[in-house]
2 protein chains.
Amino acid sequence: MTDSTSAAAPNGSVRRPVQLTPMQVPKASDVLADDLRERILRGEFPEGTALPPERELVAQTRMSRTTVREALRILEVQGLVQIRTGRAGGAFVQRPGEESIASTVSLLIRGRQVRLAALLETREAVEPACAQLAAKYRTDTDLEALDRANDAIAAEGTLAEFLQANVDWHVAVAVASHNELLTGFMGALSRAIYAATDNQGFIDASVRKTTLRAHRSITDAIRKRDAAAAVRRMTRHVHEYASAVLEVEDRTEIEVPGD
Amino acid sequence: MTDSTSAAAPNGSVRRPVQLTPMQVPKASDVLADDLRERILRGEFPEGTALPPERELVAQTRMSRTTVREALRILEVQGLVQIRTGRAGGAFVQRPGEESIASTVSLLIRGRQVRLAALLETREAVEPACAQLAAKYRTDTDLEALDRANDAIAAEGTLAEFLQANVDWHVAVAVASHNELLTGFMGALSRAIYAATDNQGFIDASVRKTTLRAHRSITDAIRKRDAAAAVRRMTRHVHEYASAVLEVEDRTEIEVPGD
DNA sequence: TGTTAGTTTGGGTACGACCAAAGGTGCGGT
DNA sequence: ACCGCACCTTTGGTCGTACCCAAACTAACA
């Protein structure tokens, strides 16, 4: 060990200067989790099927139950399985959904204290695109969801109800784009922006009216499959909203409720 | 228990018909994880500080070590702590970064078999916005990174090198926007698109040349803080790239390497 | 003085036992 | 024959203990 050349070992055999990498011993639970994850993503287990019971996995893998459980827990946190207790319980395979993106984004937003301005900037980037695609790909079901959200806004309920309906509409637009990535992003953004604008009561009757009109006009463009108009109006709508918010509360840090 | 009205208990006290909700017993490890996560996000522990050792947490929480470990593992998966072994080891607090978003998005993409077209659509939404903000907020350091990536493209290396340099440039644009959310999204998208276009060799010398020219021209707009030009050129560049890719490989499923 | 063999602190894994939840089963009553 | 309830079985959740391994510190030894 003191020198890197060959040396005679006490018993006369030759010690070769074996060079080995700094070593990295992956944790057993990670290995199992990686394997299972790979198989799940590969589609080896259809959605809804139950993985073998923990004790069964223990037998198969020769790992301890602790390790197996940790692996399953990892997959659960990543949204790849859902664990249920009870007799017919177990780890049920599921495809990761928008919630997993939304919660991760929430973590990033809170953890890094992303500025409200950055949130709004991002929305200004994403939503017009959603509107455009929605105009291209929307189904009648999508339109119904949009109309329903607009009706809820017109209902003039409490502030919370208004904000919720507002979020619902925006998410509905994203859903209508039939792009799961954009939908996931928008879901995350909406939640965060909702939380950020919740307490600050700059929303009065006129704001609601303006919002409703803008939504209806955009919904119309989507209905008519007028992508250009949808983009234009959405861009304007989101930009105005952003300006309004920033005017009231400039340079504010965000608070997002936990997932 | 057999009847829901009041009844005299054996000892003479009255049994009131208490009505209780269907009950929801959260898992112990989740409770701990939630608590720690909340504190971390609240900034109670500065980045880099070590949480108490597992055995210490066991003493404080009166939970078993298994439970404590599971909680820490959850936080690790969520990117909130990093666990190191050894004497000075432990769970070290860290803020979730772009990688956590990227890996989550990768899971979504693979798990839901998001179409390549959807990926490109999303990029067409996000990147122009990045370019715009980059033109507004770029620093000299950002420009250096952009130029470096462009030089790497000009170097005419292997396909892998070209693709990597390409990704680097796009990510550099996102970074220059100084918007952590957009950066995170772009990181995830780039990785996925990189993986999707890797094996299909539709990239020849002319494509490289075109790419380089587009990048240089966009970089220039960013350098001159010409937001409008940056948006316009980036929109065009990304759109052309998307068209080209889709022309070659239409309706293909994606493969993304694990995180 | 430098090397090396403990020593200490901390995470990683393994068992084994028992609790809790939930579906299934069978016995007894009607 | 049918219904209801007590009991059993399966499967995850928690606990406690013991032991191993990695890393950093310490002290003895050459």
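To be clear, the structure that these remarks concern was listed above.
Below, the structure is looked at part by part. (Residues numbered from 1 in each chain as written. Chains lettered and ligands numbered in written order. Predicted model: local features only at pLDDT ≥ 70, side-chain atom pairs only at ≥ 80, totals over all residues. Heavy atoms only, no water.)

**Some details on the overall build of chain A**
Thinking step 1. Check the secondary structure of chain A and you find 10 helices and four strands.
Thinking step 2. For chain A, the sequential pattern of α-helices and β-strands runs β-β-α-α-α-β-β-α-α-α-α-α-α-α.
Thinking step 3. Residues counted as buried form 46% of the 259 residues belonging to chain A.
Thinking step 4. Pairs at least 24 apart in sequence give 72% of the contacts found in chain A among residues at least 6 apart.
Thinking step 5. Only carbon and sulfur atoms are counted for the fraction: they give 51% of the accessible area of chain A, which is about 13,600 Å². (Helix = DSSP H or I, 4+ residues; strand = E, 2+ residues; numbered from the N terminus. Buried < 20%, exposed > 50% of the residue type's maximum accessible area, 1.4 Å probe, protein only. Contact = heavy atoms within 4.5 Å. Areas by Shrake-Rupley, 256 points an atom, 1.4 Å probe, with all protein chains shown as cover.)

**Considering the environment of Leu143(B)**
Thinking step 1. Its place among the elements puts Leu143(B) in helix α6 (residues 140-154).
Thinking step 2. Apart from residues no more than four positions distant in its own chain, Leu143(B) is found in contact with Arg138(B), Thr219(B), Ile222(B) and Arg223(B).

**Concerning the protein's contact with DNA strand D**
Thinking step 1. Looking at DNA strand D, there are 24 residues lining it, with Arg55(A), Arg69(A), Lys27(B), Ala28(B) and Thr67(B) nearest.
Thinking step 2. In DNA strand D, atoms within 4 Å of the protein come 62% from sugar and phosphate.
Thinking step 3. At 2.5 Å from a phosphate oxygen of DNA strand D is found a main-chain nitrogen or oxygen belonging to Ala28(B).
Thinking step 4. Residue Arg87(B) places a side-chain N or O atom 3.2 Å away from a sugar or linking oxygen belonging to DNA strand D.
Thinking step 5. Ranked by residues supplied to the surface near DNA strand D, first place goes to helix α3 (residues 65-77) of chain B with three residues.
Thinking step 6. Counted by class, the surface near DNA strand D contains five nonpolar, nine polar and 10 charged residues. (Near = heavy atom within 4 Å. Polar contact = N/O pair within 3.5 Å; in protein donor to acceptor, adjacent residues only side chain to side chain. Nonpolar A, V, L, I, M, F, W, Y, C, P; charged D, E, K, R; others polar.)

**Topic: the packing of aromatic side chains**
Thinking step 1. In this structure the tally under the stated criterion is one aromatic pair over all chains.
Thinking step 2. Considering the side-chain rings of Phe185(A) and Phe185(B), the 3.5 Å spacing of their centres and the 5 degrees angle between planes classify their relative orientation as stacked. On the criterion of chain membership, the pair formed by Phe185(A) in helix α8 (residues 180-198) and Phe185(B) in helix α8 (residues 180-198) is interchain, its members lying in two chains.
Thinking step 3. Taking relative accessible area as the criterion, Phe185(B) reaches 0% and is therefore assigned buried.
Thinking step 4. When the ring centre of Phe92(A) is taken as origin, the NZ or CZ atom of Arg84(A), which lies over that ring, is 3.9 Å away. (Phe/Tyr/Trp six-rings, centres within 6.5 Å; stacked < 30°, edge-to-face > 60°. Lys NZ or Arg CZ within 6 Å of the ring centre and 35° of its normal.)

**Here's the deal with the packing of helix α1 (residues 28-41) of chain A against helix α3 (residues 65-77) of chain A**
Residues and elements named next belong to chain A.
Thinking step 1. Where α1 contacts α3, the two axes come as close as 8 Å, and the packing angle between them is 45 degrees. One finds that α1 runs oblique with respect to α3. Here the hand of the crossing between α1 and α3 comes out right-handed. Counting all contacts with α1, which are made through Ala28, Ser29, Asp30, Leu32, Ala33, Leu36, Arg37 and Ile40, the residues of α3 involved are Thr67, Val68, Glu70, Ala71, Leu72, Ile74 and Leu75.
Thinking step 2. Of the residues contributing to the contact of α1 with α3, the split by class is 10 nonpolar, two polar and three charged. (Axes fitted to C-alpha atoms, helices over the stretch in contact; angles between N-to-C directions. Parallel < 35°, antiparallel > 145°, perpendicular 65-115°, else oblique. Left-handed = near helix turned anticlockwise from the far one by under 90°.)

**Some remarks on unusual backbone geometry**
All names here are of chain B.
Thinking step 1. Unlike most non-glycine residues, Gln113 shows phi in positive territory, near 50 degrees.
Thinking step 2. By secondary structure assignment, the location of Gln113 is in the loop between α4 (98-111) and α5 (116-137).
Thinking step 3. At His178, a residue that is not glycine, the phi angle is positive and equals roughly 55 degrees.
Thinking step 4. Tracing the backbone through its elements, the reader meets His178 in the loop between α7 (159-176) and α8.

**Digging into the pattern of salt bridges**
Thinking step 1. This model, assessed by the stated rule, comprises 42 salt bridges over all chains.
Thinking step 2. Glu180(B) is the salt-bridge partner of Arg112(A), the closest N and O atoms lying 3.1 Å from each other. Taken together, the positions of Arg112(A) in the loop between α4 (98-111) and α5 (116-137) and Glu180(B) in helix α8 put the pair across two chains.
Thinking step 3. Accessibility expressed as a relative area gives 29% for Glu180(B), which makes it partly exposed.
Thinking step 4. The salt bridge partner of Asp151(A) is Arg216(A), with a shortest N-O separation of 4.0 Å. On the criterion of sequence distance, the pair formed by Asp151(A) in helix α6 (residues 140-154) and Arg216(A) in helix α9 (residues 205-223) is long-range, its members being 65 residues apart.
Thinking step 5. Judged by relative accessible area, Asp151(A) falls into the partly exposed class, the value being 48%.
Thinking step 6. Three or more residues joined by partner-sharing salt bridges are found here, namely Lys27(A), Asp30(A), Glu70(A), Glu54(B), Arg65(B), Arg69(B), Arg73(B) and Glu76(B). (Salt bridge = Lys/Arg side-chain N within 4 Å of Asp/Glu carboxyl O.)

**Comments concerning the nonpolar core**
Thinking step 1. Counting 92 residues, the largest nonpolar core has Leu119(A), Val173(A), Leu181(A), Leu119(B), Val173(B) and Leu181(B) as the members making the most contacts within it.
Thinking step 2. Apart from residues lying up to four places away in sequence, Leu181(A) is in contact with Ile101(A), Val105(B), Leu108(B), Ile109(B), Leu119(B), Thr122(B) and Leu189(B). (Core = buried A, V, L, I, M, F, W, Y, C linked by side-chain atoms within 4.5 Å.)

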